[in-house]
Amino acid sequence: MDDPLYWHRLQFAFTITYHYLFPQLTIGLALLIVVLKALALRTGKTEYADAARFWVRIFGLAFAMGVVTGIPMEFQFGTNWAAFSAKSGGVIGQTLAMEGIFAFFLESSFLALLVWGERRLGPQKHFLAALALFVGSWASGYFIVTTNAFMQHPVGYTADANGVLTIADLGAYLTNPWGLVQYAHTMVGAVVTGAFALASVGAYWTLRGEHAAAARVSLNTGVVAGLIAATLVAMPTGHEQGRMVAEHQPIALAAMEGHFESGPRAPLAVIGQPNVAERKLDNPIHLPAVLSYIAYGDFSANVRGLEDFPESEWPTNVELLYYSFHVMVGLGTVFIGWMALAALWLWRGRLATSRWLLWSLALAFPFPFIANTAGWLSAELGRQPWLIHGVLRTADGASPTVHGGSTLFTTLGFAGLYLVLGVLFLMLVAREVSHGPRALGAAPHA
Amino acid sequence: MEALWFALAALVLAVYVVLDGFDFGAGALHLFVARSDRERRQVLAAIGPYWDGNEVWLLAGGGVLFLAFPKVLASGLSGFYLAIFLLLWTLILRGISIEFRSHVADPLWREFWDATFGLASTLAPIVLGAALGNVVRGVPLSADGWFSLPLFASFSPSGELGILDWYTVLIGVTALAVLAHHGALFLVWKTDGDVQARSLVAAARTWPLVVVLIGAATLATRFVAPEHFRALAERPVALAATALAGVGLATSFVARRRGRELTAFLGSAAFVLGLLAATAASLYPIWLRSSLDPSSSLSANDHAAAPAALRAALWWWPVGLALAIGYAVLLFRLHRGKAQAAAEGEGY
């Protein structure tokens, strides 16, 4: 309990997990708003512009939450992980500074124009504001994922005798193969969140028989985008990500899969409970040889199990890693089926009248948040016990002078503050949803 | 190369204070200069388009420190741990107050966020000023370049030092007065009617306060960090910056009396920029002075990232800065003229 490292990990895990609930929504919505506004410009139909206007309001609320919960993240590198920052600033300082100067300035300058400026700017220029927010938020994602990719699979750096890292090849660092795959995987994961939000709200309005035009646009766009994005999350991006893990973090792969014993024709555990003490998977349902194929494209390939590696190199929480990974994969698979079904019904013209399917879609919006969170937990727990994989241990990265009690205190402060902000955010979003889209210049609700 | 990045980091942080400073000042004063809902929305319309972009300058400054002086960033942020979180919470509350307030028309909802906005905008400059006070006076850096300070210990000049003590709180209160004056002049420039009239009174009342507090802060600094005064007198850049601050302060007074709104605001901006530039120039090359042993101080020369990192960033950082300035110019042009309270549901 009085180990500061524990509290630093808990605090960062909590603040980053909470923070990323909002960017995943805005990253997804930014793309879908651009799509809706482009359709509005192209077709001249007001229903697209009205739907876009509604989603811009939601985007504005979520973006504000992302901004205020994101500021602490920048500082926590220094406050909580001072030793890591001092050693790695010569590398990751590049992308973190790039994020501020290339992405945040762009987003923050045009946010107010997007949210409030439709009448002032007119349709074309307002489309450009939406485009600026799209480019900014996707650039921000790139710089942050590239930073994380360095921690997962460090490239393009040199280290001196004291372990201080310096950028050696900026191009290699920015095109880290791990980073490009992870970026694609993360971004389409965010589009799933945004698409499910559209489909959920569209389904809710349809069930209530309200806002027919905006409901149809949101529902149909959400379902089509959701099917495309959910498919891309699995193939090719998720598959490629898995191969990256197999190649560069074989121990993490073994822990994610609950794979203790090495051997050829490694089975894939669909479910089961890792029993770390006895080094086996309890009550598993296995698909024979599938893990070998997924990891190496060959059913007879040898997949090394955890037993092949010293326990000091194992991820520090095998169980949580295993369950996070399985929750991510399980939900990701369900998403494809769910959206494929909805898309089929849409194609047959029966979606808008199929109440059971609309009900399920209306209740679907939380699940991509869970899947994205579980995905990041898999990535970050799989990286343990390393802070920078193979270079710096997490235990050696924490701030040397910060007392564990201080970190616990501020964690509790964040918990309280974020609880209040979360409740208010949900309340404001619920008000917007119940009111529905408004015509340009219409008086708002009280 | 280290000197260049020291100057760039100091410049970006100073620009942050000038820009977000008018948001803080307007926020700290808005409960007094704007009484009705319509008036408060006029204040929000004046700063609404800018506040988020202004805040990014803080992150950009942190980014420069991270890439060019990582040890300084790491030591400073972890040493000031609790104070940093205090600042973060005020920034969270400030931002969310602006963004959430006008979404609901209920008067109690709006009063709550107005009060929160005012309180957060008052506290943030005090914490930022106290941080500057700590940097100027020095912190107990040990030989390995780390330190930790209690959030507060004793407020007696002879007692134990903390992040918040008599000197740093004096600097904090001075910062609040300077930025309140700065924000008042911004509102004089960007608003009209009653809000402008009251902001004019606020600027007139805070100006003498600024003069007195700056005098007191200067005397106190001479007492706690005499070495800076010697450096200040010997360095032309520091002297020029001091002169800029003086001219700016005088301009803010004269131009305000003559009704030249923009000139008065720019005078205040020059004053803030000059103060911070003079401070940075007299500190150079020291980022964080050790109060225990001068050889433990963190300096730009000894604690910069390796030259390869500094060189790599020169390729892209100026491009990003030019873009950021371009956005800011575009934004000020789009919103030129007096800010009016937006129609319900059409703005802050």
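None of these values were measured; they are calculated from a predicted model.

The rules behind the values
Residues numbered from 1 in each chain as written. Chains lettered and ligands numbered in written order. Predicted model: local features only at pLDDT ≥ 70, side-chain atom pairs only at ≥ 80, totals over all residues. Helix = DSSP H or I, 4+ residues; strand = E, 2+ residues; numbered from the N terminus. Buried ≥ 20, exposed ≤ 12 C-beta atoms within 10 Å, placed from the backbone. Contact = placed C-beta atoms within 7 Å. Axes fitted to C-alpha atoms, helices over the stretch in contact; angles between N-to-C directions. Parallel < 35°, antiparallel > 145°, perpendicular 65-115°, else oblique. Nonpolar A, V, L, I, M, F, W, Y, C, P; charged D, E, K, R; others polar. Domains from an automatic or database assignment. Expected span 1.5 Å × (residues − 1). Pairing = 2+ DSSP bridges. Core = buried A, V, L, I, M, F, W, Y, C linked by C-beta atoms within 7 Å. pLDDT = per-residue confidence, 0-100.

**Q** Help me understand the overall build of chain B in this model?
**A** Along its length, chain B carries 12 helices and two strands. Seen in sequence order, chain B has helices and strands lined up from the N terminus as α-α-α-α-α-α-α-α-α-α-α-β-β-α. Taking the principal axes of the C-alpha coordinates as reference, chain B spans close to 60 × 45 × 40 Å. By residue count, 61% of the 348 residues in chain B fall in the buried class. Taking the intrachain contacts of chain B between residues at least 6 apart in sequence as the baseline, contacts between residues at least 24 apart amount to 75%.

**Q** What should I look at first to understand the overall build of chain A in this one?
**A** When you go through chain A residue by residue, the secondary structure sums to 13 helices and eight strands. Across its three principal axes, chain A shows a C-alpha extent of roughly 65 × 50 × 40 Å. By the burial criterion, 54% of the 446 residues in chain A qualify as buried. Excluding contacts between residues fewer than 6 apart, the proportion of contacts in chain A whose partners are at least 24 apart in sequence is 75%.

**Q** Sorry, what's going on with the packing of helix 1 (residues 4–43) of chain A against helix 6 (residues 177–208) of chain A here?
**A** Packed helices, taken two at a time, are described by the angle between their axes plus the distance between the axes. Residue and element names in this part refer to chain A. Interaxial distance between helix 1 and helix 6 falls to 7 Å at its minimum, and their mutual angle equals 75 degrees. Compared by their axis directions, helix 1 and helix 6 come out roughly perpendicular. Here Gln-24, Leu-25, Ile-27, Gly-28, Leu-29, Leu-31 and Leu-32 of helix 1 come into contact with helix 6, specifically with Met-187, Gly-189, Ala-190, Val-191, Val-192, Thr-193, Gly-194, Ala-195, Ala-197 and Leu-198.

**Q** I keep staring at the interface of chain A and chain B and nothing clicks. Help me out?
**A** A common way to report how large an interface is uses the accessible area buried once the components associate. The interface of chain A with chain B comprises 49 residues on the first partner and 57 residues on the second. Within the residue set of the side of chain A that touches chain B, elements represented by two or more residues are helix 2 (46–80), helix 3 (82–116), strand 2 (165–167) and helix 13 (404–435) of chain A. Element by element, the count of residues in the side of chain A that touches chain B is highest for helix 3 of chain A, at 21 residues. The residue makeup of the side of chain A that touches chain B, split by class, is 31 nonpolar, 16 polar and two charged.

**Q** Mind showing me how you'd approach the domain arrangement of chain A here?
**A** All names here are of chain A. As assigned here, chain A comprises domain 1 (21–257 + 320–435) and domain 2 (263–301). On the side of domain 2, seven residues touch domain 1, which itself brings six residues to the contact. No other element matches helix 7 (residues 212–248), which puts three residues into the side of domain 1 that touches domain 2. Residues belonging to the side of domain 1 that touches domain 2 are distributed by class as follows: three nonpolar, one polar and two charged.

**Q** It is not clear to me how helix 10 (residues 236–257) of chain B should be interpreted in this structure. Could you clarify?
**A** Turn by turn, an α-helix covers 3.6 residues, leaving residues three or four places apart pointing in a common direction. All names here are of chain B. The end-to-end C-alpha distance of helix 10 is 32 Å, a good match for the 32 Å that 22 residues give at a rise of 1.5 Å each. Those residues of helix 10 that fall on the buried side of the exposure criterion are Ala-238, Ala-241, Thr-242, Ala-245, Gly-248, Leu-249, Thr-251, Ser-252, Phe-253 and Arg-256. Residue Gly-259 follows helix 10 closely and has a positive phi angle near 75 degrees.

**Q** Looking at this structure, I do not really get the pairing of strand 5 (residues 280–287) of chain A. What am I missing?
**A** In regular strands, side chains alternate between the two faces of the sheet. Residues and elements named next belong to chain A. Two strands pair when backbone bridges link them, and strand 4 (residues 268–275) and strand 5 are joined in this way by six bridges, in the antiparallel orientation. Residue pairing in the sheet places Ala-269 in a bridge with His-286 of strand 5. The loop that links strand 4 with its antiparallel partner strand 5 comprises four residues; one of these, Arg-279, has a positive phi angle of about 55 degrees.

**Q** How should I be thinking about the nonpolar core in this particular structure?
**A** Where a protein is soluble and globular, its nonpolar side chains tend to be buried together. The biggest cluster of nonpolar side chains holds 277 residues, and the ones touching the most others in it are Ile33(A), Trp55(A), Ala9(B), Ala68(B), Phe69(B), Ala83(B) and Val127(B). Shared between two domains, this core holds at least three residues of each, these being domain 1 (21–257 + 320–435) and domain 2 (263–301) of chain A. Those residues within four positions of Trp55(A) in sequence are excluded, and the remaining contacts are Leu29(A), Leu32(A), Ile33(A) and Leu36(A).

**Q** When you look at unusual backbone geometry in this model, what are you seeing that I'm missing?
**A** Most peptide bonds take the trans form, and the phi angle of most residues other than glycine is negative. Residue and element names in this part refer to chain A. With omega at 5 degrees, the peptide bond leading from Met-235 into Pro-236 counts as cis. Relative to the helices and strands, Pro-236 is located in helix 7. Between Gln-384 and Pro-385 the backbone carries a cis peptide bond, its omega angle lying at 0 degrees. One can find Pro-385 in the loop between helix 12 (366–383) and strand 7 (386–388). For Ala-289, which is not glycine, the phi torsion reads 65 degrees and is therefore positive.

**Q** Looking at this structure, I do not really get the environment of Asp282(A). What am I missing?
**A** Structurally, the position occupied by Asp282(A) is in strand 5. With residues up to four places along the chain from it excluded, the contact list for Asp282(A) reads Gly272(A), Gln273(A) and Asn275(A).

**Q** Looking at this structure, I do not really get the confidence of the model for chain B. What am I missing?
**A** Regions with low pLDDT should not have their predicted coordinates read in detail. When the pLDDT values of chain B are averaged, the result is 94; 100% of them are 70 or greater. Here the predicted complex scores 0.95 on pTM and 0.93 on ipTM.

**Q** Is there a simple way to think about helix 4 (residues 70–79) of chain B in this case?
**A** A large share of helix 4 of chain B lies buried, amounting to 10 of its 10 residues. The set of residues buried in helix 4 of chain B consists of Pro70(B), Lys71(B), Val72(B), Leu73(B), Ala74(B), Ser75(B), Gly76(B), Leu77(B), Ser78(B) and Gly79(B). Buried residues along helix 4 of chain B sit in contact with helix 2 and helix 3 of chain A together with helix 3 (51–68), helix 5 (81–101), strand 1 (286–288) and strand 2 (298–299) of chain B.

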